[in-house]
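Structural description and commentary
Single-letter residue listing:
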Amino acid sequence: MPATIKGSITVDGQEIIITNPDKPLWPEAGVTKRMYLEKLAALSPYLLRYCRNRLLTVIRYPHGVSGMSFYQKNAPHPLPPYVQTATQDSIEYIVLQGLPELLWLGNLAALEFHPSLHVAGSDLPCEWMIDLDPSLEIEPRIMEAAAFVGDVLQSLGLASVPKTSGATGVQIIVPIRPGITFDELRKIGHFVGRYVTEKRPDLFTLERLKKHRGDKIYFDYLQHYGGKTLAAPYTPRARPRATVSTPLLWEEVKRDVSPLDYHLLNIVERLQSMGDLIAQVPPQPVEAIASRL
């Protein structure tokens, strides 16, 4: 076995051990661990906004994206002193607070960040997300589907932000005020899902079982619930091209951009020019719709 190369960096007064900085994590994209940690640091003001204080699940790829992987819900021990945890349903989750923890996880080859949809100790959602999940590995209609759902939400008086999942799908995010429940949002989701499947039965389905969906895009309003996770905005994904889950402008969606266009090698420049598109949308009046259903 090759010798482990080890060093350390100090961030916010905390020493973080870094091993094998030249290890290829995304070989096809040319991204080494050193590059990944640099990109994570640049992404941190945006990624942490949607992970902070939440129960975190990560997917680790110790040998890079082409190697084996595992989901990690329980925090590994021993933990550095700066890493906080919270226990729910007998699982001791990491609660991500700052850059030291993020880089520590990056060094462990945590390549994907999937936070809970609520903060630790709460059962109320932080935002509302609809997940559009293609049945096909390559789905040329995904942006058409996202645009259709965005128009329906707009007709209900709701502004929303589409984001690539970083894989094959698109999520649509509606900022909300604290107080509405997951069940109330599910009610709205079911209403919108029934509408879009009736209007575009060629494009959408509410069928949960993939084997029964054919080539249709699953309008998943059920994944947004307590105890479940979705890929965080700005999380990298363990895909060959090092794609990143990226919020989009609706004009970009209507231009039929590709989810492959947004990745670790260009996301920082995009954020520097456009900022966080989700944070630019104020909380939406979902309560008014829930009260009418």
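Below or above, wherever it landed, is the structure these notes cover. (Residues numbered from 1 in each chain as written. Predicted model: local features only at pLDDT ≥ 70, side-chain atom pairs only at ≥ 80, totals over all residues. Heavy atoms only, no water.)

**Quick word on the overall build of the protein chain**
Keep this limit in mind: Helical segments are the DSSP runs of H or I of at least four residues, strand segments are the runs of E of at least two, and each set is numbered from the N terminus. The quantity called the radius of gyration is restricted to C-alpha atoms. Its globule counterpart is 2.2 Å times the number of residues to the power 0.38. Relative accessible area decides the class of each residue, using a 1.4 Å probe on protein chains only: under 20% of the type maximum gives buried, over 50% gives exposed, and in between gives partly exposed. Any two residues whose heavy atoms approach within 4.5 Å are treated as being in contact. All accessibility values rest on the Shrake-Rupley procedure with a 1.4 Å probe; residue burial counts only the protein chains present in the view.
Within the protein chain one finds seven helices and 14 strands. Expected size for 293 residues packed as a compact globule is a radius of gyration near 19 Å; at 19 Å, the protein chain falls within 12% of this value. Taken over 293 residues, the protein chain has a buried fraction of 53%. Restricting to contacts in the protein chain with at least 6 residues of sequence separation, those with at least 24 account for 67%. Split by element, the accessible area of the protein chain, about 13100 Å² in all, is 52% carbon and sulfur.

**Some thoughts on the packing of aromatic side chains**
This is how the line gets drawn: Think of it this way: a Phe, Tyr or Trp ring, Trp meaning its six-membered ring, pairs with another when their centres are within 6.5 Å, and the plane angle makes it stacked under 30 degrees, edge-to-face over 60, tilted otherwise. We call a charge positioned over a ring when the NZ of a Lys or the CZ of an Arg lies within 6 Å of the ring centre and within 35 degrees of the ring normal.
In total, this model carries five aromatic pairs according to the counting rule given. With a centroid separation of 6.3 Å and an interplanar angle of 40°, the aromatic rings of Tyr50 and Tyr234 are classed as tilted. Of this pair, Tyr50 sits in the loop between α1 (33–47) and β5 (54–60) while Tyr234 sits in the loop between β14 (217–220) and α5 (250–254), placing them 184 residues apart in sequence. The exposure classification of Tyr50 matches that of Tyr234, with both residues buried. A network of ring pairs unites the aromatic residues Tyr46, Tyr50 and Tyr234 as a single cluster. Looking at Arg186, its charged tip hangs above the ring of Tyr225, at a distance of 3.8 Å from the centre.

**Points about the pairing of strand β9 (residues 110–119)**
Rules: The criterion for strand pairing is that DSSP finds at least two bridges linking the strands in question.
Burial analysis of β9 places nine of its ten residues in the buried class, the great majority of the element. Where β5 and β9 come together, six bridges link them in antiparallel fashion. Its bridge partner lying in β9, Thr57 is registered against His114.

**Things to note about the packing of helix α3 (residues 142–155) against helix α4 (residues 182–199)**
Which entries qualify depends on this criterion: Orientation is described by lines fitted to C-alpha atoms, with helices fitted over the stretch in contact, and by angles between N-to-C directions that extend from 0 to 180 degrees. Small angles under 35 degrees read as roughly parallel and large ones over 145 as roughly antiparallel, with 65 to 115 read as roughly perpendicular and the rest as oblique. Should the near helix be turned anticlockwise from the far one by less than a right angle, the crossing is left-handed, and should it be turned clockwise, the crossing is right-handed.
α4 packs onto α3 with a crossing angle of 125° between their chain directions and a minimal axis gap of 11 Å. The orientation of α3 with respect to α4, classified from their angle, is oblique. Of the two possible hands of crossing, α3 and α4 adopt the one that is right-handed. Every residue of α4 that contacts α3 at Phe148, Val149, Val152 and Leu153 is listed here: Val192, Tyr195, Val196 and Lys199.

**Here we look at the pattern of salt bridges**
Definition in use: Criterion for a salt bridge: a side-chain nitrogen of Lys or Arg within 4 Å of a carboxyl oxygen of Asp or Glu.
Applying the stated rule across the entire model yields twelve salt bridges. The shortest N-O distance in the salt bridge between Asp276 and Arg49 comes to 2.5 Å. Of this pair, Asp276 sits in the loop between α6 (267–274) and α7 (286–292) while Arg49 sits in the loop between α1 and β5, placing them 227 residues apart in sequence. For Asp276, a relative accessible area of 6% corresponds to the buried category. The partner of Arg237 in a salt bridge is Glu112, and the shortest N-O contact between them spans 3.1 Å. Separated by 125 residues along the polypeptide, Arg237 in the loop between β14 and α5 and Glu112 in strand β9 bring together distant segments of the chain.

**Digging into the packing of α1 against α6**
To be explicit about the condition: Amino acids outside the nonpolar list (Ala, Val, Leu, Ile, Met, Phe, Trp, Tyr, Cys, Pro) and the charged list (Asp, Glu, Lys, Arg) are all regarded as polar, and Gly is one of them.
Running from N to C, α1 and α6 cross one another at 35°; their axes reach a closest spacing of 10 Å. Here α1 runs over α6; the crossing is left-handed. Contacts from Lys39, Ala42, Leu43 and Tyr46 of α1 reach α6 at Ile267, Val268 and Leu271. Residues that form the contact of α1 with α6 fall into these classes: six nonpolar, no polar and one charged.

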